[in-house]
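Structural features, examined
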Amino acid sequence: MSHHPSSRGGALSRDPDAGRIKVGVSDLAVTPGGETLTTSGLGSCVAVALVDRSTGVRGLLHAMLPKGGETDTGMERPGKYVDTGIETLITELDAAGASPDRLEARVAGGAEMLDLTDAVGPRNVARAEQCLEAVGIPVVERAVGDGVGRTVRFRADGRLVVRAADGFERTL
């Protein structure tokens, strides 16, 4: 099984000239190599970036909704949901040579894009942190919340570059 393109056949493409693997909405990708994992369009969606620094194996999830574990869709498209996406990402990282015991996480996105009573963005972030804590993966950095969309690049060095729609960029 190749760990570049998602095994679920989602909206994932590879740009070999730029050394990038693009992760679409509701999908995830894993790489043991030097490619940069990228995703854009993070409004209320959340990106979860996991890395085993010892092996350099990295993975990136772009999830839309907090919970999918109880739904058929959660099993068919695990990357759509934070909980099933994190579980699948950990499994694929393990298969690619990462140790789940050495993983560390960076989380971005989860903006409150609309003024809703039950805003999805904050619930996505909370669910990501709950799922990661439950499996013992520390969140070492985060760029979440606010009302601005984001694009992320997960570099080979394990750092996550987060660029906000307003042009502000920071490296986690």
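Above this note sits the structure.
Residues numbered from 1 in each chain as written. Predicted model: local features only at pLDDT ≥ 70, side-chain atom pairs only at ≥ 80, totals over all residues. Heavy atoms only, no water.

A few words now on the packing of aromatic side chains. Under the definition given, this model contains zero aromatic pairs. Over the aromatic face of F154 sits the side chain of R58, whose NZ or CZ is 5.6 Å from the ring centroid. (Phe/Tyr/Trp six-rings, centres within 6.5 Å; stacked < 30°, edge-to-face > 60°. Lys NZ or Arg CZ within 6 Å of the ring centre and 35° of its normal.)

For the rest of this paragraph, the subject is the sheet that holds strand β3 (residues 27–31). Read across the sheet, five strands follow the order β3-β6-β5-β7-β8 without closing on themselves; strand pairing throughout is mixed. Sheet topology places β3 and β8 (139–144) at the edges, where each strand pairs with a single neighbour. Averaged over all neighbouring strand pairs, the angle between strand axes comes to 10 degrees, with direction disregarded. Note: strand β5 (residues 46–52) against strand β6 (residues 57–63), seven bridges, orientation antiparallel. Of the residues in β6, the one forming a bridge with D52 is V57. (Pairing = 2+ DSSP bridges. Helix = DSSP H or I, 4+ residues; strand = E, 2+ residues; numbered from the N terminus. Axes fitted to C-alpha atoms, helices over the stretch in contact; angles between N-to-C directions.)

This part takes up the pattern of salt bridges. Per the counting criterion, the structure on display carries nine salt bridges. The residue R155 makes a salt bridge to D157 at a minimum N-O spacing of 2.7 Å. Residue classification places D157 among the partly exposed residues on the basis of a relative accessible area of 38%. Members of the salt-bridge network, linked through shared partners, are R53, E104 and R106. (Salt bridge = Lys/Arg side-chain N within 4 Å of Asp/Glu carboxyl O. Buried < 20%, exposed > 50% of the residue type's maximum accessible area, 1.4 Å probe, protein only.)

End to end, helix α2 (residues 82–95) covers 20 Å across 14 residues, agreeing with the expected 20 Å (1.5 Å per residue, within 8%). Of all 14 residues in α2, 10 are buried; the element is thus mostly enclosed. Those residues of α2 that sit buried are V82, D83, T84, G85, I86, T88, L89, I90, E92 and L93. In the segment just after α2, G97 is the residue with positive phi, at about 110 degrees. (Expected span 1.5 Å × (residues − 1).)

Once that is clear, we can look at the pairing of strand β4 (residues 36–42). Within β4, five of the seven residues are buried, which leaves the element mostly enclosed by the surrounding structure. Relative to β4, strand β2 (residues 20–23) runs parallel, the two being bridged by three bridges. Looking across to β4, one finds that I21 is bridged to L37. Bridge count between β4 and strand β9 (residues 150–154): four bridges; the pairing is antiparallel. Bridging across to β9, L42 finds its partner in R150.

Let us now look at the side chain of S26. Tracing the chain through its elements places S26 in the loop between β2 and β3. In this structure, S26 is in contact with H62, M64, R77, G79 and K80, ignoring residues within four places of it in sequence. (Contact = heavy atoms within 4.5 Å.)

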